[in-house]
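Spelled out, the chains give:
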Amino acid sequence: MPRPIQATIHAEALRHNLARARQAAPDARVWAVVKANAYGHGIERVFDSLRGADGFALLDLDEARRVRELGWRGPVLLLEGVFEQRDLELCSRLDLWHTVHCSEQIDMLAAHKTQSGHRVFLKLNSGMNRLGFAPAHFRAAWTRLNALPQVEEISLITHFSDADGPKGLSAQVRVFESVAWDLPGERTLGNSAAVLRHGADAAVRADWVRPGIAIYGSAPDYPEHEAAHWDLRPTMSLNSRIIGVQTLLPGDTVGYGSSFVAEQPLRVGVVACGYADGYPRHCPTGTPVLVDGLRTRSLGRVSMDMIVVDLTPMPQAGMGSEVTLWGRSAHGAQLPIDDVARAGGTVGYELMCALAPRVPVVVAD
Ligand SMILES: *Cc1c(COP(=O)(O)O)cnc(C)c1O
């Protein structure tokens with residue numbers, strides 16, 4: 001028997017969440033963001049469920065090639081654009097649309113020999129201070145691009161830093177509008193948080209939205225809202241089993257560093273899941289876990305291959321009992337990935353993306 005850990009990708013939940021994103025910004029076309037191997041889900045595993053999107057947005061040229069190999073003929077957008085000159089050959093050959101966020105990328109385009117005109121998304125740094133032209137240089141970049149025979153169409157892109165919080169979008173939307181108000185071309189501004197929280201905002205609705213995390217069923221603004229508040233369903237479950245049981249006496253400890261000390265007699269289960277499976281090592285004692293669909297807590301440090309859980313709330317549980325690290329249990333109960341992420345001081349994004357290659361994955365409906 002293989003080690004009992006398994007991840008499940010829920011096809012129906014992916015379709016549902018994509019529909020939710022569409023509904024939240026109804027006039028916009030939707031890029032399904034599938035960077036980081038579809039947030040750890042696997043591009044090949046999510047593709048069928050997400051083919052109702054209007055396009056796929058990602059970062060890696062190899063991922064773009066994989067989307068084309070799956071038979072997708074629609075738009076594919078490189079969110080960071082090209083990294084070196086010869087990447088443009090692949091853009092021409094596979095008809096990839098690409099972000100242009102710096103003058104070096106314009107230089108590369110100017111030197112690129114191609115018959116096919118490129119569709120580019122010129123990126124404005126509207127305040128995030130990651131990628132993009134500063135407002136003072138944006139229009140000059142547009143003019144330069146517009147003069148290139150290699151460029152067929154220019155669209156405009158920016159990214160929000162605070163769509164999930166109280167600061168909101170308005171300052172960045174103002175910057176965008178003040179720089180780009182009269183420039184032609186399609187716009188794309190909103191990520192998941194912008195779509196869910198500000199989908200009625202005219203700037204977010206035009207012309208494309210770029211939801212990622214919402215499609216994967218995690219709330220972009222947790223803990224203010226849970227995924228269920230936005231009617232998002234978990235798309236990844238991580239399940240395993242109890243492979244050992246110990247009975248502790250007061251004073252007994254659990255795991256490396258003896259960080260958990262039992263105060264009373266305690267039955268504990270050892271779960272076949274550790275940080276080498278992608279379970280965060282930072283999750284402390286008390287991180288929520290489901291055993292047989294019932295909520296309990298982790299005890300002691302996460303080790304490479306195992307964690308230990310408190311079996312007090314489920315005295316019937318023992319060897320072979322089902323454990324849900326996040327997502328859905330076979331018993332129907334759910335443990336939001338965001339609850340686990342928070343216990344580990346991180347976000348649902350990181351947990352999904354970190355699912356380790358050694359974990360077998362199945363796709364279910
Ligand atoms: C990752 C990313 C997104 C999607 O963000 P979510 O918060 O997952 O919705 C959108 N746009 C860009 C440029 C990104 O890099």
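Please read these numbers as outputs of a predicted model, since none were measured by experiment.

Okay, the nonpolar core next. Counting residues in hydrophobic clusters, the biggest one holds 108 residues, and the most contacted among them are Leu50, Leu122, Leu145 and Tyr279. In this view, Tyr279 contacts Cys273, Gly274, Thr287, Pro288, Val289, Val302, Ile307, Leu325, Trp326 and Val340; residues no more than four positions away in its chain are not counted. Counting nine residues, the second largest nonpolar core, distinct from the first, contains Val254, Phe260, Leu266 and Val270.

For Asp292, the location among the structural elements is in the loop between strand 14 (288–291) and strand 15 (294–299). Buried and without a salt bridge, Asp292 has Arg241 as its closest oppositely charged side chain, separated by 6.3 Å. Within the structure, the side chain of Asp292 is placed 3.4 Å from the side chain of Gln316, a separation counted as a polar contact. Beyond its immediate stretch of four places on either side in the chain, Asp292 contacts Gln316, Ala317, Ser321, Glu322 and His331.

What follows deals with the packing of helix 6 (residues 103–110) against helix 7 (residues 135–146). Relative placement of two packed helices is described by the angle separating their axes and the distance separating the axes. The geometry of helix 6 relative to helix 7 is characterised by a closest axis approach of 11 Å and an angle of 10° between their N-to-C directions. Overall, the two elements helix 6 and helix 7 adopt an arrangement that is roughly parallel. The segment helix 6 lies against helix 7, with Ser103, Ile106, Asp107 and Leu109 engaging Ala141, Arg144 and Leu145. Residue classes in the contact of helix 6 with helix 7 are distributed as four nonpolar, one polar and two charged.

With respect to spatial proximity, the complete set of residues near the ligand consists of Val33, Lys35, Tyr39, Leu79, His159, Asn191, Ser192, Arg210, Pro211, Gly212, Ile213 and Tyr349. A distance of 2.8 Å separates an oxygen atom of the ligand from a polar backbone atom of Ile213. With respect to the detected pockets, the ligand is housed in the largest pocket.

Okay, the pairing of strand 3 (residues 55–58) next. On any regular strand, side chains alternate: one points to one face of the sheet, the next to the other face. Of the two faces of strand 3, the one lined by Gly55 and Ala57 and the one lined by Phe56 and Leu58 are each fully buried. Bridge analysis of strand 2 (residues 29–33) against strand 3 gives three bridges, and the strand direction is parallel. Note that in strand 3 the partner of Ala32 across the bridge is Phe56. Tracing the backbone out of strand 3, into helix 4 (residues 61–69) and back to the parallel element strand 4 (residues 76–78) gives a crossover that is right-handed.

Position of Lys35 relative to the elements: it lies in helix 2 (residues 35–39). In this structure, the C-alpha to C-alpha distance between Lys35 and Ala57, residues 22 residues apart in sequence, is 6.8 Å. Once residues lying within four places of it in the same chain are set aside, the contact partners of Lys35 are Ala57, Leu58, Leu59, Glu63 and Leu79.

Our next topic: the domain arrangement of the protein. You can read the domains of the protein as domain 1 (11–218) and domain 2 (236–335). Taken over C-alpha atoms, the centre of domain 1 sits 40 Å from the centre of domain 2.

Moving on: empty space enclosed by the protein. Scanning all chains against the criterion turns up one cavity of 30 Å³ or more. As a volume, the largest cavity reaches approximately 40 Å³. Around the largest cavity, the lining residues are Lys123, Leu124, Asn125, Ser126, Met128, Arg130, Leu131 and His159. The residue inventory of the lining of the largest cavity, partitioned by class, reads three nonpolar, three polar and two charged.

What follows concerns the packing of helix 1 (residues 11–24) against helix 3 (residues 43–50). At a minimum axis separation of 8 Å, helix 1 and helix 3 run at an interaxial angle of 55°. As judged from the angle between their axes, helix 1 and helix 3 are oblique. Handedness of the helix 1/helix 3 crossing: right-handed. Residues Ala11, Leu14, Arg15 and Leu18 of helix 1 touch helix 3, and the partners they reach there are Val46, Ser49 and Leu50.

Rules of the game
- Residues numbered from 1 in each chain as written.
- Predicted model: local features only at pLDDT ≥ 70, side-chain atom pairs only at ≥ 80, totals over all residues.
- Heavy atoms only, no water.
- Core = buried A, V, L, I, M, F, W, Y, C linked by side-chain atoms within 4.5 Å.
- Buried < 20%, exposed > 50% of the residue type's maximum accessible area, 1.4 Å probe, protein only.
- Contact = heavy atoms within 4.5 Å.
- Helix = DSSP H or I, 4+ residues; strand = E, 2+ residues; numbered from the N terminus.
- Lys, Arg positive; Asp, Glu negative; His and termini not counted.
- Salt bridge = Lys/Arg side-chain N within 4 Å of Asp/Glu carboxyl O.
- Polar contact = N/O pair within 3.5 Å; in protein donor to acceptor, adjacent residues only side chain to side chain.
- Axes fitted to C-alpha atoms, helices over the stretch in contact; angles between N-to-C directions.
- Parallel < 35°, antiparallel > 145°, perpendicular 65-115°, else oblique.
- Nonpolar A, V, L, I, M, F, W, Y, C, P; charged D, E, K, R; others polar.
- Near = heavy atom within 4 Å.
- 1 Å grid on protein atoms, 1.4 Å probe; cavity = no way out; pocket = protein on both sides within 12 Å on 5 of 7 lines; lining within 4 Å.
- Sits in = over half its atoms within 2 Å of the grid points.
- Pairing = 2+ DSSP bridges.
- Right-handed = clockwise from strand over helix to strand, strands pointing away.
- Domains from an automatic or database assignment.
- Points joined across faces, edges and corners; volume = space filled by probe spheres on them.
- Left-handed = near helix turned anticlockwise from the far one by under 90°.

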